[in-house]
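Structural description and commentary
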Amino acid sequence: MTDLKWTLGWSSISPAVGVRLTIGDIHYVEENTGPRQAGKNGIWTIDKRIRGYGRLFESTGTGDRQEAERYLTFRLEQIRNEMVYGVKPDYTFRQAATKYLLENERKRSIDRDASVAEDSDSFIGNLALRQVHQDTLGPFIASRKKEGLKSNTINRDLAVVRRVLILAARLWRDERGNPWLETTPLIRMLDWKDARKPYPISWVEQERLFAELPIHLREMALFKVNTGTREAEVCGLRWSGKFHFQSCLPVYF
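Overview of the structure. (Residues numbered from 1 in each chain as written. Predicted model: local features only at pLDDT ≥ 70, side-chain atom pairs only at ≥ 80, totals over all residues. Heavy atoms only, no water.)

Quick look at the pairing of strand β5 (residues 54-59)
Regular strands show a simple pattern: their side chains alternate between the two faces of the sheet. Put simply, the rule reads: In this description, strands pair whenever DSSP reports at least two bridges between them. Labels follow the DSSP assignment, with helices taken as runs of H or I lasting at least four residues and strands as runs of E lasting at least two, numbered in each case from the N terminus.
Two elements, strand β4 (residues 45-50) and β5, share 6 bridges in a ladder whose sense is antiparallel. By the bridge assignment for β5, I46 is matched with E58. Between the end of β4 and the start of β5, which pair antiparallel, lie 3 residues, with G52 showing a positive phi angle near 80 degrees.

Remarks on the packing of helix α3 (residues 93-103) against helix α6 (residues 151-170)
The line we're drawing: Axis definition: a line fitted to C-alpha atoms, over the contacting stretch in the case of helices. Angles run 0 to 180 degrees between N-to-C directions. Our angle categories are set so that under 35 degrees counts as roughly parallel, over 145 as roughly antiparallel, 65 to 115 as roughly perpendicular, and the remainder as oblique. We call two residues in contact when some of their heavy atoms are within 4.5 Å. All amino acids are sorted into three groups, where Ala, Val, Leu, Ile, Met, Phe, Trp, Tyr, Cys and Pro are nonpolar, Asp, Glu, Lys and Arg are charged, and the leftover types, Gly among them, are polar.
Across the interface, α3 lies against α6 with an axial gap of 10 Å and an inter-helix angle of 95 degrees. Of the possible angle classes, the one that applies to α3 and α6 is roughly perpendicular. Taken together, the residues of α6 that come into contact with α3 (itself represented by F93, A96, A97 and Y100) are V160, V161, R163, V164, L165 and L167. When its residues are assigned to classes, the contact of α3 with α6 shows 9 nonpolar, no polar and 1 charged.

Remarks on helix α2 (residues 65-85)
The line we're drawing: Given the number of residues in a helix, its expected span is that number minus one, multiplied by 1.5 Å. Pairs of N or O atoms are called polar contacts if they sit within 3.5 Å, as long as, within protein, a hydrogen donor faces a hydrogen acceptor (for residues adjacent in sequence, only side-chain-to-side-chain pairs).
With 21 residues, α2 extends 30 Å from end C-alpha to end C-alpha; this agrees with the ideal 30 Å at 1.5 Å per step. Two or three places before Q66, at the start of α2, stands the capping residue D64, its side-chain oxygen 3.2 Å from that residue's backbone nitrogen. In the stretch just after α2, G86 is the one whose phi turns positive, near 75 degrees.

Take a look at the structure:
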């Protein structure tokens with residue numbers, strides 16, 4: 001890997017530690033510590049400490065090493081312009097998505113959010129946040145529809161994109177206190193009238209469903225299908241209580 005500090009001549013923002021790029025299963029570290037095992041996505045990832053700026057950790061969105069190095073050069077130039085000349089950076093959706101995933105790594109559904117970020121990256125990853133809107137999301141939506149996904153499923157993907165944009169506009173700030181995104185675009189949810197129609201399950205399907213449930217949920221589900229009670233009524237049952245059913249003796253819990 002080239003010496004980026006020497007090539008760019010930016011001693012003011014030279015790395016405090018090395019710069020690490022990831023491709024496939026290998027990490028290459030500028031400090032000559034040798035390669036070591038990493039992820040398996042085949043995409044180069046930047047992990048760099050910059051004096052006066054902090055950590056630069058984001059995906060380059062490409063598996064090509066030369067393209068990844070060009071992207072790194074672009075980001076360093078962007079950071080230099082911001083630090084030296086006060087030029088407001090144009091954050092990409094990839095940067096915003098990476099920040100979102102890092103800040104929410106303990107979220108229960110983070111794996112699904114990461115999958116959405118990965119699936120959408122080739123469509124909007126390189127776009128500036130201000131360029132992400134209903135029209136630029138069109139190819140991504142069309143691709144998901146071509147895969148056979150229903151509108152409700154795609155809406156869950158769009159909800160993740162919208163969440164990232166909202167955080168970029170309302171919460172995240174650069175070093176000068178400016179928001180990453182000036183305004184959040186309106187992203188319209190889809191309604192293709194393609195939702196699967198509900199139907200009563202058969203005895204066989206019920207047995208298969210109950211067999212997959214843990215015992216405490218199985219008993220609740222059995223009570224529910226035989227009484228027609230709503231979820232809140234079932235989940236709110238307590239051992240202390242007295243219920244009267246028509247033509248029945250009182251039932252105590």
